[in-house]
Amino acid sequence: MNTAGHTPATPRRGLELTPFRGLRYDPDRVGSLAAVTSPPYDVVVRPDGLHHLQSADPHNIVRLILPQAGTPSARNEQAADTLRRWLSEGVLTTDREPALYVYEQCDGNGMLQRGLIGALRVCDPDEGVVLPHEDVMPHIVEDRAALMRATSANLEPLLLTYRGNGSTAATTVVLERAAEQLPLLATTTEDGFSHRLWAITDPADVTAVQEDLAGHQALIADGHHRWATYRRLRAEHPSPSAWDYGLVLLVDTARYPLRVRAIHRLLHGLPVAEALPALDGLFRVRRLDVPRAEALTALAQAAEAGNAFLLAGDGSFHLVDRPDPALLARTVPADRPEAWRTLDATVLHATLLAHVWHIPEDDPTRIAYIHDTAATVQKAEHDGGTAVLMHPVREEVVRDLARQGVTMPRKSTSFGPKPASGLVLRALDL
């Protein structure tokens, strides 16, 4: 794990969010806006997820963000061809004016989130403006970079958060006023979330937002690999260019707090029957023959006292907690803050994966990272592997570590709700 940190510099320029001409589906050319949307590319995880989305509509965005072909180059070429065809056929159209877009998500149970979609100036971590909190996997960055090069587009926004200055802040005022108008689009996806989008084009409003955001720094909530991709592609193109900016959704979590969930692990080729004996004498292990909800409650209770994990894949749940302190002393690097050393993800990667089970965290043939709990368990039971279910870390821990310049183990958190892919895209050659 490359988690050596430094304290980021005080932000010099702050966040620079710029308008762009959004690329959006023409509702008259598709079955429904809901049918062409998708979760972010790395959340399409259920066994039939990709097929389901492709079948929902021939123009579903997964045909761009997760093209299917025999080789990586063929996949990227297919995505580029599909994008060009949809543009020529008018399936996707470009908005007339550059805009910042207000994006709203609501789940019908009282959860309301609003933020701004725009093109954000890409910067390096040492500027202290956009703070990563997780490491990335190089092969995923290369995969996303090859797709963006081929399509010359940002196909889905990543999610950033910042802490705003209250209800009278300029960004809040502009955002809330826009949300009182008729939206550009409104749709409800099959997960029950409603989505609405508005365009901010008035120069005075745009300027007010930009001046307000210039005093803030942001935390990457979801999309570390895409942000690393933006940085790589910016370095490949002479500045100034459109590659100096990347598509983001920026949410003020002082006003709209995000939910923080765990990202689980699926260990290929390691049956539960082999994973458990390796823990003898190193962790306490208890078999739980209870429904998943009760097992997760037990995990949450155990996590209050220390590191805890839930293993599944053999039809039961196994609560793993109380690691041997001597084992942690031998395996967890001591040159990091205590908040990092005691993370469940740190103990999982440094102790369980590296020391006990000898599974490389970068090898996609040995380990997968899955957001959905039920899907992780189902895949483990189907494939004969081991699901490692995690308890989520608190947002304040994530933000504090990021401000210290200390990155967490990759795929440590899942902030949400995540923006739906397919509502607005950014073409870099327009």
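This is a predicted model, so every value here is computed, not measured.

Participant: For the overall build of the protein, give the residues involved together with the corresponding values.
Facilitator: In terms of helices and strands, the protein carries 15 helices and 21 strands. Relative to the 2.2 N^0.38 estimate, which gives 22 Å for 430 residues, the radius of gyration of the protein is 22 Å and therefore close to what a compact globule would have. When its C-alpha atoms are laid out on the principal axes, the protein stretches across 65 × 45 × 45 Å. Within the protein, the proportion of its 430 residues that are buried is 56%. Long-range contacts, defined as pairs at least 24 residues apart, comprise 80% of the intrachain contacts of the protein with a sequence gap of at least 6. When the accessible surface of the protein is summed, it comes to about 17700 Å², and 50% of that surface belongs to carbon and sulfur atoms. Between the mean site of the 43 positive side-chain charges and the mean site of the 54 negative ones, the protein shows a separation of 1 Å.

Participant: Any chance you could break down empty space enclosed by the protein for me, citing the residues and the numbers?
Facilitator: Within this structure, the stated rule accounts for four cavities of 30 Å³ or more. In this structure, the largest cavity spans a volume of roughly 110 Å³. Lining the largest cavity are Tyr41, Asp42, Glu134, Ala221, Asp222, Gly223, His224, His225, Arg226, Ile263, Lys411 and Thr413. Of all elements in the fold, only β11 (218-222) and α8 (224-236) reach the threshold of two or more residues within the lining of the largest cavity. Its residues placed into classes, the lining of the largest cavity shows three nonpolar, four polar and five charged. There is about 90 Å³ of room inside the second largest cavity. If you go around the second largest cavity, you meet 13 residues; those closest to its centre are Arg114, Tyr162, Thr171, Leu175 and Asp252. Those elements giving two or more residues to the lining of the second largest cavity turn out to be β5 (112-121), α6 (170-178) and β12 (245-252). If you tally residues by element for the lining of the second largest cavity, the top one is α6, at four residues. Of the residues belonging to the lining of the second largest cavity, the class tally is six nonpolar, three polar and four charged.

Participant: So, unusual backbone geometry: which residues are in play, and what are the values?
Facilitator: With an omega dihedral of 0 degrees, the bond running from Ser239 to Pro240 counts as a cis peptide bond. Relative to the helices and strands, Pro240 is located in the loop between α8 and β12. Residue Pro417 is bonded to the preceding Gly416 through a cis peptide linkage, with omega at 5 degrees. Residue Ser152 is not a glycine yet carries a positive backbone phi of 50 degrees.

Participant: Requested: an account of the pattern of salt bridges, with residues and values cited.
Facilitator: Evaluation of the coordinates by the stated rule reveals 24 salt bridges. For the salt bridge of Glu142 with Arg149, the shortest nitrogen-to-oxygen distance reads 3.4 Å. Assessed through its relative accessible area of 32%, Arg149 is described here as partly exposed. A salt bridge links Glu176 to Arg255, with the shortest nitrogen-to-oxygen separation between them at 3.1 Å. Of the two residues, Glu176 sits in helix α6 while Arg255 sits in the loop between β12 and β13 (259-261), which places them 79 residues apart along the sequence.

Participant: Would you mind going over the sheet that holds strand β19 (residues 386-389) in detail, with residue names and values included?
Facilitator: Spatial ordering of the open sheet is given by β15-β17-β16-β19-β14-β18, a layout of six strands whose pairing is antiparallel. With one partner strand each, in any of the chains shown, β15 (284-288) and β18 (367-370) form the two edges of the open sheet. On average, each strand axis in the sheet is tilted by 25 degrees relative to the strand beside it, whichever way the strands run. Note that strand β16 (residues 308-312) and β19 share three bridges and pair antiparallel. Bridging from a neighbouring strand, Leu310 pairs with Leu389 of β19. Across the sheet, helix α10 (residues 292-303) touches β15, β16, β17 (317-321) and β19, and the angle it forms with β16 is around 155 degrees.

Participant: Residues and numbers for helix α4 (residues 72-89), please.
Facilitator: It helps to recall that an α-helix has 3.6 residues per turn; residues three or four apart then point in one direction. With 18 residues, α4 ought to run about 26 Å at 1.5 Å a step, and its terminal C-alpha atoms sit 26 Å apart, in line with that. Contacts from the buried residues of α4 go to β2 (23-25), α3 (62-65), β3 (92-94), α5 (138-151) and β7 (153-154). Of the residues one or two after α4, Gly90 is the one with positive phi, at around 80 degrees.

Thresholds applied
- Residues numbered from 1 in each chain as written.
- Predicted model: local features only at pLDDT ≥ 70, side-chain atom pairs only at ≥ 80, totals over all residues.
- Heavy atoms only, no water.
- Helix = DSSP H or I, 4+ residues; strand = E, 2+ residues; numbered from the N terminus.
- Rg over C-alpha atoms; globule rule 2.2 N^0.38 Å.
- Buried < 20%, exposed > 50% of the residue type's maximum accessible area, 1.4 Å probe, protein only.
- Contact = heavy atoms within 4.5 Å.
- Areas by Shrake-Rupley, 256 points an atom, 1.4 Å probe, with all protein chains shown as cover.
- Lys, Arg positive; Asp, Glu negative; His and termini not counted.
- Charge placed at Lys NZ, Arg CZ, Asp CG, Glu CD.
- 1 Å grid on protein atoms, 1.4 Å probe; cavity = no way out; pocket = protein on both sides within 12 Å on 5 of 7 lines; lining within 4 Å.
- Points joined across faces, edges and corners; volume = space filled by probe spheres on them.
- Nonpolar A, V, L, I, M, F, W, Y, C, P; charged D, E, K, R; others polar.
- Salt bridge = Lys/Arg side-chain N within 4 Å of Asp/Glu carboxyl O.
- Pairing = 2+ DSSP bridges.
- Axes fitted to C-alpha atoms, helices over the stretch in contact; angles between N-to-C directions.
- Expected span 1.5 Å × (residues − 1).

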